[in-house]
2 protein chains.
Amino acid sequence: MARTVFEREDVVPLLAEVFRALGYEGASLSALTARTGLSKGSLYNFFPGGKAEMAAAVLAHVDGWFEREIFTPLAQDEPRAAIAHMWAASDAYFRSGRRVCLVGAFALEETRDRFALAIQGYFRRWIETLASALTRAGSDPGQAAALAEYAVGGIQGALVLARALNDETAFGRTLARLEQEMAASLPPARTP
Amino acid sequence: MARTVFEREDVVPLLAEVFRALGYEGASLSALTARTGLSKGSLYNFFPGGKAEMAAAVLAHVDGWFEREIFTPLAQDEPRAAIAHMWAASDAYFRSGRRVCLVGAFALEETRDRFALAIQGYFRRWIETLASALTRAGSDPGQAAALAEYAVGGIQGALVLARALNDETAFGRTLARLEQEMAASLPPARTP
DNA sequence: GTCTATAGAGTGATAGAC
DNA sequence: GTCTATCACTCTATAGAC
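Everything numeric here is computed off the predicted structure, so don't read it as measured data.

**Q** Lay out the interface of chain A and chain B with the relevant residues and their values.
**A** The extent of an interface is frequently quoted as the accessible surface area lost upon association of the parts. Between chain A and chain B, the contact holds 38 residues from the first and 38 residues from the second. Ranking the residues of chain A by area buried against chain B places Leu108, Tyr150 and Arg163 of chain A at the top, with a combined share of 20%. Taken together, the connections running from chain A to chain B amount to three salt bridges. The closest approach of N and O atoms between arginine 35 of chain A and glutamate 110 of chain B, which form a salt bridge, is 3.9 Å.

Here it is in structure tokens:
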């Protein structure tokens, strides 16, 4: 019998796209098997905890990507470069609004409570590392925290709007405006 | 035996709270009967089209509320007063972030496509009437349209964030910032 | 033989339609 | 309440690596 052998880490990104497209409730096991091409046996082999474990793994995978690509740079790198990279990487990750934020979508669902810690951690970390970069770039810490929260919320809103209007260009317009507002709030960069 | 007689318009607000709390997928018929206190028979009597017709009625009801309370004033009343009223009414309607936007939640679900016209109409109308008020208040029309889109998206993002962080105060902070940014963009009010 | 990964029929529970 | 379809999930059978 022909078999394609997967590893757990190969499966998670496939599951992620299904959960992203359908939400937690909407991602039925039959949708998960159909869209990943994996049988229920395979899925339950990798995720004995069933659908909830699959979703938890997907959330952890998304969080890991953001931690690596966005949060750690914001926390450690040269702040203005890290912030510029955040805008570019967010636009790329969300495919200019064609892709939804899985964490934000879970936050609006009833199942939010089940994944509350992961959801909260993701947004808290984004806001906290962005505020850190803003502060290092010369912002007042209180204003940096407020602006970071505002910007992270703004990205989520842009995703809702782009999907609601079925108009991807709305996402880019909001991102550009947020980026410009953030740049204007910072003191002029020191030229070394 | 005592009977409570409902009319269709009495039922819609009850259904609305269930769909708002659980989303379209999450709102099972048993949840709808349990939380409204109505039997499946009653619901199918009022809504022969089943769950989809219930959700459509709820969307129309929400849209009607916003049209009456927010969109028409934005389109017709003294613009600065109408905008100030929009901020206050939005904060009250969304219960300072404790309540989710049903239309925004539907937009993120797979079922978006089924209700695409209603979802698009709601957001389009909000943006269009807000832009009209801003223009009448002295804004450049192009800037007014961009700012209106930005603000309506910002409200949606604030709702996602408040729910994700489980922190209602985040909603008020974002709303206040958006309101202030909007006020700052307008020319000084003429004193008649 | 053991072990892990796979496929998919079969389970009871519950969904939405009527 | 009754219907069928589908839900999340379990389990058996089997494939190949060792």
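**Q** How would you summarise the packing of helix 5 (residues 79-93) of chain A against helix 7 (residues 116-136) of chain A if you had to cite specific residues and measurements?
**A** All names here are of chain A. Running from N to C, helix 5 and helix 7 point in directions that differ by 140 degrees, and their axes come no closer than 8 Å. Comparing their axes, helix 7 and helix 5 come out oblique. Contacts from Pro79, Ile83, Met86 and Ser90 in helix 5 reach Trp126, Leu130, Ala133, Leu134 and Arg136 in helix 7. The residue makeup of the contact of helix 5 with helix 7, split by class, is seven nonpolar, one polar and one charged.

**Q** Requested: an account of the nonpolar core, with residues and values cited.
**A** Core analysis: the largest hydrophobic core is formed by 133 residues, its most contacted members being Phe19, Trp126 and Leu130 of chain A together with Phe19, Trp126 and Leu130 of chain B. Sequence-distant contacts of tryptophan 126 of chain A, defined by excluding residues within four places in its chain, comprise Phe66, Ile70, Phe71, Leu74, Met86, Ser90, Phe94, Val152 and Ile155 of chain A. Formed by eight residues, the second largest nonpolar core is a distinct cluster that contains Leu108 and Val160 of chain A together with Ala105 and Val160 of chain B.

**Q** For the relation of the copies chain A and chain B, give the residues involved together with the corresponding values.
**A** Screw-axis analysis of chain A against chain B gives a translation of 0.0 Å along the axis, an RMSD of 0.1 Å, and a rotation angle of 180 degrees. Expressed as a symmetry operation, the mapping of one chain copy onto the other fits a two-fold axis. Nearest to the rotation axis, the C-alpha of glycine 157 of chain A is located 1.7 Å from it, this being the minimum over chain A.

**Q** How would you summarise the pattern of salt bridges if you had to cite specific residues and measurements?
**A** Residue and element names in this part refer to chain A. All chains considered together, the criterion is met by 21 salt bridges over all chains. In this structure, glutamate 53 engages arginine 8 in a salt bridge whose closest nitrogen and oxygen atoms are separated by 3.3 Å. Linking glutamate 53 in helix 4 (residues 51-76) with arginine 8 in helix 1 (residues 8-26), this pair joins segments that are 45 residues apart in sequence. Residue classification places arginine 8 among the partly exposed residues on the basis of a relative accessible area of 34%. Between arginine 173 and aspartate 167 there is a salt bridge, and its shortest N-O distance comes to 3.5 Å. Bridged by salt links that share partners, the residues Glu17, Arg20 and Arg99 form one connected network.

**Q** Would you mind going over unusual backbone geometry in detail, with residue names and values included?
**A** Residues and elements named next belong to chain A. Positive phi, normally seen in glycine, also occurs at arginine 95, with a value near 50 degrees. One non-glycine residue, asparagine 166, lies in the positive phi region at around 55 degrees. Tracing the backbone shows asparagine 166 in the loop between helix 8 (141-165) and helix 9 (169-185). By relative accessible area, which is 57% here, asparagine 166 ends up exposed.

**Q** Give a detailed account of helix 2 (residues 29-36) of chain A, specifying residues and quantitative values.
**A** Residue and element names in this part refer to chain A. Restricting attention to buried positions, one finds in helix 2 the residues Ala31, Leu32, Thr33 and Thr36. Against helix 1, helix 3 (40-46) and helix 4 lie the buried residues of helix 2. Looking at the residues trailing helix 2, positive phi occurs at glycine 37, about 75 degrees.

**Q** Lay out the side chain of threonine 129 of chain A with the relevant residues and their values.
**A** Residue and element names in this part refer to chain A. Structurally, the position occupied by threonine 129 is in helix 7. Given the relative accessible area of 1%, threonine 129 is considered buried. Within the local environment of threonine 129, its side chain forms a polar contact with the backbone oxygen of arginine 125, the two atoms lying 2.8 Å apart. Not counting chain neighbours up to four residues away, the residues in contact with threonine 129 comprise Phe71, Leu74 and Ala75.

**Q** Report on the packing of aromatic side chains, specifying residues and quantitative values.
**A** All names here are of chain B. Tallying each qualifying case throughout the model produces 38 aromatic pairs over all chains. For the pair phenylalanine 94 and phenylalanine 171, a centre-to-centre distance of 6.3 Å together with 80 degrees between the ring planes defines the contact as edge-to-face. Residue phenylalanine 94 is found in the loop between helix 5 (79-93) and helix 6 (102-108), and its partner phenylalanine 171 is found in helix 9 (residues 169-185); the two are separated by 77 residues along the sequence. For the pair shown, phenylalanine 94 and phenylalanine 171 are each scored as buried. Ring centres of phenylalanine 106 and phenylalanine 115 lie 5.6 Å apart, and the angle between their planes is 35 degrees; on these two criteria the pair is classed as tilted.

**Q** Hey, could you go over the environment of tryptophan 87 of chain A for me, with residue numbers and the actual values?
**A** Residue and element names in this part refer to chain A. Position of tryptophan 87 relative to the elements: it lies in helix 5. Its relative accessible area of 3% is what places tryptophan 87 among the buried residues. Sequence separation of tryptophan 87 and arginine 8 is 79 residues, and the distance between their C-alpha atoms is 30 Å.

What counts and how
Residue numbers run consecutively from 1 along every chain, following the written order of its sequence. Lettering of chains starts at A and numbering of ligands starts at 1, both following the order in which they are written. Local features are withheld for residues below a pLDDT of 70 in this predicted model, meaning they are given only at 70 or higher, and side-chain atom pairs are given and counted only at 80 or more; totals for whole chains, interfaces and linings count all residues. Side-chain metrics in this entry use all non-hydrogen atoms of the structure; hydrogen atoms and water are not considered. The contact rule is simple, with two residues in contact once any of their heavy atoms fall within 4.5 Å. The buried area of a pairing is the accessible area, by a 1.4 Å probe, that goes missing from both parts when the two are put together, added over both. A carboxyl oxygen of Asp or Glu within 4 Å of a side-chain nitrogen of Lys or Arg is what we treat as a salt bridge. Throughout, an axis means a line fitted to C-alpha atoms (over the contacting stretch in the case of helices), and angles, computed between N-to-C directions, take values from 0 to 180 degrees. Think of it this way: any DSSP run of H or I at least four residues long counts as a helix, any run of E at least two long counts as a strand, and we number them from the N terminus. Each angle receives one of four descriptions, namely roughly parallel if under 35 degrees, roughly antiparallel if over 145, roughly perpendicular if within 65 to 115, and oblique otherwise. Note on residue categories: nonpolar means Ala, Val, Leu, Ile, Met, Phe, Trp, Tyr, Cys or Pro, charged means Asp, Glu, Lys or Arg, and polar means any other residue, Gly included. Within this scheme, the nonpolar core is defined by two criteria: the residues are buried Ala, Val, Leu, Ile, Met, Phe, Trp, Tyr or Cys, and they are joined through side-chain atoms within 4.5 Å. Only protein chains enter the accessibility calculation, which uses a 1.4 Å probe; a residue is then buried when its area is under 20% of its type maximum, exposed when over 50%, and partly exposed in between. Our superposition of the copies is a least-squares fit, built on the C-alpha atoms of residues whose pLDDT is at least 70 in both. Here a polar contact is taken to be a pair of N or O atoms separated by no more than 3.5 Å, where protein atoms must pair a possible hydrogen donor with a possible acceptor and residues adjacent in sequence count only if both atoms sit in side chains. Geometry of aromatic contacts follows a simple scheme: Phe, Tyr and Trp rings, the Trp one being its six-membered ring, pair when their centres are within 6.5 Å, and the pair is stacked under 30 degrees between planes, edge-to-face over 60, tilted otherwise.

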